[in-house]
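Coordinates in review
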Amino acid sequence: MPELPEVETVCRGLAPHLEGRRLVRVEQRRPNLRTPFPPRFCERLTGRVVTSLRRRAKYILMHLDDGGVLIAHLGMSGRMIIAPERPDAFDKHDHVVFETDAGTIVTFNDARRFGLMDLTVADALGDHPMLRNLGPEPLGNEFSGPDLARRLAGKITPIKAALLDQSIVAGLGNIYVSEALYRSGILPTRTAASLTAGEVDRLAGAVREVLERAIAAGGSSLRDYRQASGELGYFQHQFAVYDREGEGCPDCDCDRARTGGVQRIVQSGRSTFFCAARQR
Ligand SMILES: [Zn+2]
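Here the structure is a predicted model, which means the values were calculated and not measured. (Residues numbered from 1 in each chain as written. Predicted model: local features only at pLDDT ≥ 70, side-chain atom pairs only at ≥ 80, totals over all residues. Heavy atoms only, no water.)

Digging into the nonpolar core
- Core analysis: the biggest nonpolar cluster contains 30 residues, and Phe41, Phe98 and Met117 have the highest contact counts within it.
- By residue number, the principal contributor to this core is helix H1 (residues 4-18), which donates six residues.
- Setting aside residues up to four positions removed in sequence, Met117 forms contacts with Leu33, Pro36, Phe37, Pro38, Phe41, Leu70, Ile71, Ala72, Met80, Val96, Phe98 and Phe108.
- With 28 residues, the next largest nonpolar core counts Leu152, Ala162, Ile168 and Ile215 among its residues. (Core = buried A, V, L, I, M, F, W, Y, C linked by side-chain atoms within 4.5 Å. Buried < 20%, exposed > 50% of the residue type's maximum accessible area, 1.4 Å probe, protein only. Helix = DSSP H or I, 4+ residues; strand = E, 2+ residues; numbered from the N terminus. Contact = heavy atoms within 4.5 Å.)

Regarding the domain arrangement of the protein
- For the protein, the domain assignment lists domain 1 (4-127) and domain 2 (145-234).
- One C-alpha centre belongs to domain 1, the other to domain 2, and the line joining them spans 26 Å.
- Listed per partner, the contact involves 20 residues of domain 1 and 16 residues of domain 2.
- Buried area between domain 1 and domain 2, both sides added, is near 1,600 Å², and the carbon and sulfur share of it is 63%.
- If you look at where domain 1 meets domain 2, you find zero salt bridges.
- Our count for the domain 1 to domain 2 interface comes out at zero residue pairs in polar contact (both at pLDDT 80 or more).
- Looking at the side of domain 1 that touches domain 2, the elements that each hand over two or more residues are H1 and strand S5 (79-83).
- It is H1 that provides the largest number of residues to the side of domain 1 that touches domain 2, a total of 10 residues. (Domains from an automatic or database assignment. Buried area = accessible area lost by both parts, 1.4 Å probe. Salt bridge = Lys/Arg side-chain N within 4 Å of Asp/Glu carboxyl O. Polar contact = N/O pair within 3.5 Å; in protein donor to acceptor, adjacent residues only side chain to side chain.)

Topic: the coordination of the zinc ion
- Around the zinc ion, the protein contributes the donor atoms Cys249 (SG), Cys252 (SG), Cys254 (SG) and Cys275 (SG), at 2.2 to 2.3 Å from the metal centre.
- Classification of the site at the zinc ion as tetrahedral follows from its four donor atoms and the range of 102 to 116° in their angles at the metal.
- For the zinc ion, the single-chain donor residues occur in sequence as C-x2-C-x1-C-x20-C. A residue pair is termed long-range when its members are at least 10 positions apart, and Cys254 in the loop between strand S9 (231-232) and strand S10 (263-267) and Cys275 in the segment after strand S11 (270-274) qualify at 21 residues. Per residue, the accessibility class of Cys254 equals that of Cys275, and both read buried. (Donors = N, O, S within 2.8 Å, 3.2 Å for Na, K, Ca; no water. Tetrahedral: all angles 85-135°; square planar, octahedral: opposite > 155°, others 65-115°.)

Notes on empty space enclosed by the protein
- Applying the stated criterion to the full structure yields one cavity of 30 Å³ or more.
- There is about 60 Å³ of room inside the largest cavity.
- Lining the largest cavity, in full, are Leu14, Leu18, Leu53, Ile60, Met62, Leu70, Ala72, Met80, Phe98, Val106 and Met117.
- Secondary-structure elements contributing two or more residues to the lining of the largest cavity are H1, strand S3 (59-64) and strand S4 (68-73).
- Of the residues assigned to the lining of the largest cavity, the class counts are 11 nonpolar, no polar and no charged. (1 Å grid on protein atoms, 1.4 Å probe; cavity = no way out; pocket = protein on both sides within 12 Å on 5 of 7 lines; lining within 4 Å. Points joined across faces, edges and corners; volume = space filled by probe spheres on them. Nonpolar A, V, L, I, M, F, W, Y, C, P; charged D, E, K, R; others polar.)

Comments concerning helix H5 (residues 174-184)
- By the criterion of burial, H5 is predominantly enclosed, with 10 of the 11 residues buried.
- The first or second residue beyond H5 is Gly185, which carries a positive phi of 70°.

A look at the sheet that holds strand S8 (residues 116-121)
- Across the sheet, four strands lie side by side as S2-S3-S4-S8; this open sheet has antiparallel pairing. Since the sheet does not close on itself, it has two edges, and those belong to strand S2 (50-56) and S8, each with one partner. The average undirected angle you get between the axes of adjacent strands in this sheet is 20°.
- Examined bridge by bridge, S2 and S3 share six bridges and lie antiparallel to one another. When the bridges of S3 are listed, Val50 appears paired with Leu64. (Pairing = 2+ DSSP bridges. Axes fitted to C-alpha atoms, helices over the stretch in contact; angles between N-to-C directions.)

Structural notes on the environment of Arg132
- Structurally, Arg132 can be placed in the loop between S8 and helix H3 (145-152).
- Sequence separation of Arg132 and Ile81 is 51 residues, and the distance between their C-alpha atoms is 29 Å.
- Residue contacts for Arg132: discarding those within four places in its chain leaves Gly126 and Asp127.

A closer look at unusual backbone geometry
- Positive phi, normally seen in glycine, also occurs at Arg40, with a value near 55°.
- Take Arg40: it is sitting in the loop between strand S1 (23-28) and helix H2 (41-45).
- Classification of Arg40 by relative accessible area gives exposed; the value is 51%.
- One non-glycine residue, Asp243, lies in positive phi territory at about 60°.

So, the packing of aromatic side chains
- Taken as a whole, this structure holds four aromatic pairs when the rule is applied.
- Consider the rings of Tyr176 and Phe239, whose centres lie 5.9 Å apart with planes at 70°: the pair is edge-to-face. A residue pair is termed long-range when its members are at least 10 positions apart, and Tyr176 in helix H5 and Phe239 in the loop between S9 and S10 qualify at 63 residues.
- Pairing Phe239 with Tyr242 gives two aromatic rings, centres 5.6 Å apart and planes at 80°, and the pair type is edge-to-face.
- What makes Tyr242 partly exposed here is its relative accessible area of 21%.
- Site record: aromatic cluster; members linked through ring pairs are Tyr176, Phe239, Tyr242 and Phe273.
- Sitting above the plane of the Tyr182 ring, Arg278 keeps its charged end 4.9 Å from the centroid. (Phe/Tyr/Trp six-rings, centres within 6.5 Å; stacked < 30°, edge-to-face > 60°. Lys NZ or Arg CZ within 6 Å of the ring centre and 35° of its normal.)

Okay, here's the thing in structure tokens:
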């Protein structure tokens, strides 16, 4: 499932091909994704110039020269494929095809169809149902230790669940929550309200650090992809604890000590990974 760093990488990979370009043809190859496409979807996009591509949480926002904004979410399996020309045939999971005035073809492919696309206008973007309750961007200036501490105050939910709450911080998913709690040495089962100011500061810094590191890894995959298939959406990334049950974590020899390595527990139906020796 693409997390924030993957979505950021997709935006950065698409931007040079779409920004400043006119969409000369837009094709929708089925009536719906997770939700139906908005009315007159292709018609409203055709002929428009893309003024910018931005990410908000895990949404891709394509701003257009008429004030319109395309909101796209990659869902579980969505990817964007860039090709210099029209392919001979499309895959059955190629659902939306954008053609620019440079002849570039950008295809949205989504096998599981949990992705979605919607259209709105820039003036109403903040009120859109998918965006209006989002907390601050974890890589933005608004996100800080003191701000996070205010948002966590009084919450008796586990800190892991609080960090997955999109109204507290936008765009964090299961992988990077485990990684950030590990980096900051905080047990995922602690209640949010039990964290000290110092711990919240450390946690906010760790959130930023794990995301920035993953985005940097995505950046190197972008340089590689130019020689390869043109697919944007996933890249290889090394995690400290995520999906590493029983292995030693990078900072201690917990796999050989009595703790038995990285632990996996289930919180709200989803796996959490942590090191019982390093996290308190
Ligand atoms: Zn360890």
